[in-house]
Amino acid sequence: MCSPETDAQLQRTASDPAFILELKTRRPPHLEGRSSCETWSVDFSPDGAWFAWSMGHGIVWVVAWPLDSSENQDGELDREDKSFSCGHPVWGLAFGPRPPKAAAGVRADAKRSGDLLLATGLENGTIKIWNVLTCVAVFDLLGHEGIVRDLLFPQNGTLTLISSSRDKTLRIWDLTQKGRKVQVLSGHKDWISCCAVSSDCGMIASVGRFDRMVCLWSLRSYTFIRNLTGGTQKTLHLLASCDFSPDGALLATAAFSGSSWWIDLWDPYTAEKLTTLVDRFDQYGQNQISAVQFSPNGLHLAIVTDDRALRVWEPGQEGMVMHTKPDRESNGLCCRYHPSGGVIATGTRDGHVRFWKAPRAVPSLGHLCRSILRHAVSTHQMEPLPLPKRILAYLTYRNIPTWLRTCCAPDQAWS
């Protein structure tokens, strides 16, 4: 069920220099702060023209982006805000299909915008597929036996949908067959927190929250490749999130324990851990990490934690490029970059969404060359090349320190 009416309000404050605005859900007082009001997932459409967020209680709100812009009054398109009633709490959502990288920055015209789909993953294991402009529920995907925690479309323009669930499986759906053709990937021993797909659409990464496995899968052969962690962890911790860099040469995984959170950067081709960024805190369970995402140009990694603060890290560097003010009124749950990279959206446990100005940086010529090269060339193909050691180390990300800390982490060894 879809409606152009919404139950949200837009608010602006000047509490933080990077803060743009906040979307707050209007709901009856007796529902405030109760279970099922969380914003578990947010997403921008591939062309950046729409923004979707799960606003709690089974409702997804889709708004034209940018907000309050004259661009939203285009007479050829229905640019009204839309709300989708899914019937069950929504844990994951994703726009699709996503065009290949070369065409990702091209804004869709009126005809192609009519093909925009929104996938919503529900608490009862169902995935609903919606046509965004017509507000029609196209069909349901059935098969998962637990909460559908994450959804994504690979960036190749196809109607392929990847889902991960608390039933310990990933599923790869062919939407042209309306879900009748599905591949099931099994191997995790417990809930799957998050999944990501490489830029060349060759690999899927998934992290298990309690089994502490970081699994790589082939999207071409639908087979298991390896577990990066190897099951040898010495500390008790939980895995929260993962994301591939835009060139596919790095995989970031986020984990936390009672006294710290950390981010590991892996080479997905060699299974080598390249570096770890760690943050420790004084009070037990004070600040768990919730989500990470690379910026579209690969220069930065956005980090959301329980204190609702947004951190932006430049991989390979100590400290943060950006760190917004903590807010203990609610927990941060998710984050998403706008395709242009200028804005970051974060969702919270109280069902609200905040928008932030992302740090601006001009990529160096070296970074641009490395991104283009690594998008097409794996580490195994790079290593035999007759290149100076320093250049090879840069191209394979071996030039960064193996251990880094945030500005708040004590200076001590990490094991």
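Above this text you will find the structure in question.
Calculation notes
Residues numbered from 1 in each chain as written. Predicted model: local features only at pLDDT ≥ 70, side-chain atom pairs only at ≥ 80, totals over all residues. Heavy atoms only, no water. Helix = DSSP H or I, 4+ residues; strand = E, 2+ residues; numbered from the N terminus. Expected span 1.5 Å × (residues − 1). Buried < 20%, exposed > 50% of the residue type's maximum accessible area, 1.4 Å probe, protein only. Arc of directions from axis to C-beta. Pairing = 2+ DSSP bridges. Axes fitted to C-alpha atoms, helices over the stretch in contact; angles between N-to-C directions. Salt bridge = Lys/Arg side-chain N within 4 Å of Asp/Glu carboxyl O. Phe/Tyr/Trp six-rings, centres within 6.5 Å; stacked < 30°, edge-to-face > 60°. Lys NZ or Arg CZ within 6 Å of the ring centre and 35° of its normal. Contact = heavy atoms within 4.5 Å. Polar contact = N/O pair within 3.5 Å; in protein donor to acceptor, adjacent residues only side chain to side chain.

Between the first and last C-alpha of helix H2 (residues 365-376) there are 18 Å, a value that for 12 residues agrees with the 16 Å anticipated at 1.5 Å per step. If you check which residues of H2 are buried, you get His 367, Arg 370, Ser 371 and Arg 374. For H2, the arc enclosing every buried residue in end-on projection is 100°, short of the 170-degree limit, so these residues lie on one face. Exposed residues on H2 whose side chains face more than 90 degrees from its buried face are Leu 365, Ile 372 and Ala 376.

Strands sit in the order E16-E17-E18-E19 across an open sheet of 4 strands; the sheet is antiparallel. Two strands in the sheet have a free side with no partner beyond their single neighbour: strand E16 (192-197) and strand E19 (224-227). For this sheet, the mean inter-axis angle between neighbouring strands, taken without regard to orientation, is 20°.

With mixed pairing, the 5 strands of this open sheet are ordered in space as E20-E21-E22-E23-E31. Single-partner strands in this sheet number two, and they are strand E20 (238-244) and strand E31 (403-405). Recorded for the sheet is a direction-independent mean angle of 20° between the axes of neighbouring strands.

So, on to the pattern of salt bridges. Within the structure shown, the criterion is met by 11 salt bridges. One salt bridge connects Asp 350 with Arg 308, and the closest N-O pair in it is separated by 3.3 Å. You can see Asp 350 sitting in the loop between strand E29 (343-348) and strand E30 (353-357) and its partner Arg 308 sitting in the loop between strand E25 (301-305) and strand E26 (310-313), a full 42 residues away along the chain. By relative accessible area, which is 17% here, Asp 350 ends up buried. Sharing partners across several salt bridges, the network here consists of Glu 22, Arg 308, Asp 350 and Arg 354.

Here we take up the pairing of E19. As paired strands, strand E18 (residues 214-218) and E19 are joined by 3 bridges and run antiparallel to one another. Paired with Trp 217 across the strands is Phe 224, a residue of E19. A loop of 5 residues connects E18 with E19, the two strands running antiparallel in sequence, and Tyr 222 in this loop sits at a positive phi of about 60°.

Counted by the stated rule, this structure contains 10 aromatic pairs. Considering the side-chain rings of Trp 53 and Trp 61, the 5.5 Å spacing of their centres and the 55° angle between planes classify their relative orientation as tilted. Side by side, Trp 53 and Trp 61 carry an identical accessibility label, which is buried. Geometrically, the ring pair formed by Trp 65 and Phe 355 is tilted, given 4.8 Å between the ring centres and 35° between the ring planes. Of this pair, Trp 65 sits in the loop between strand E6 (59-64) and strand E7 (82-85) while Phe 355 sits in strand E30, and the two are 290 residues apart along the sequence. An identical accessibility class is assigned to Trp 65 and Phe 355; each is buried. Following the ring pairs from residue to residue traces out a cluster consisting of Phe 44, Phe 51, Trp 65 and Phe 355. The cationic tip of Arg 166 hangs over the ring face of Trp 191; the distance from NZ or CZ to the ring centre is 3.7 Å. Above the face of the Tyr 394 ring, Arg 370 is positioned so that its terminal group lies 4.0 Å from the ring centre.

Along the chain, Thr 120 turns up in strand E9 (residues 117-122). Expressed as a C-alpha distance, the spacing of Thr 120 and Phe 95, which sit 25 residues apart in the sequence, is 9.1 Å. Not counting the four nearest positions on each side in its chain, Thr 120 is found in contact with Val 60, Cys 86, Val 90, Gly 92, Leu 93, Thr 126, Ile 127, Lys 128, Trp 130 and Leu 151. Of the polar contacts made by the side chain of Thr 120, one reaches the side chain of Trp 130; its length is 3.3 Å.

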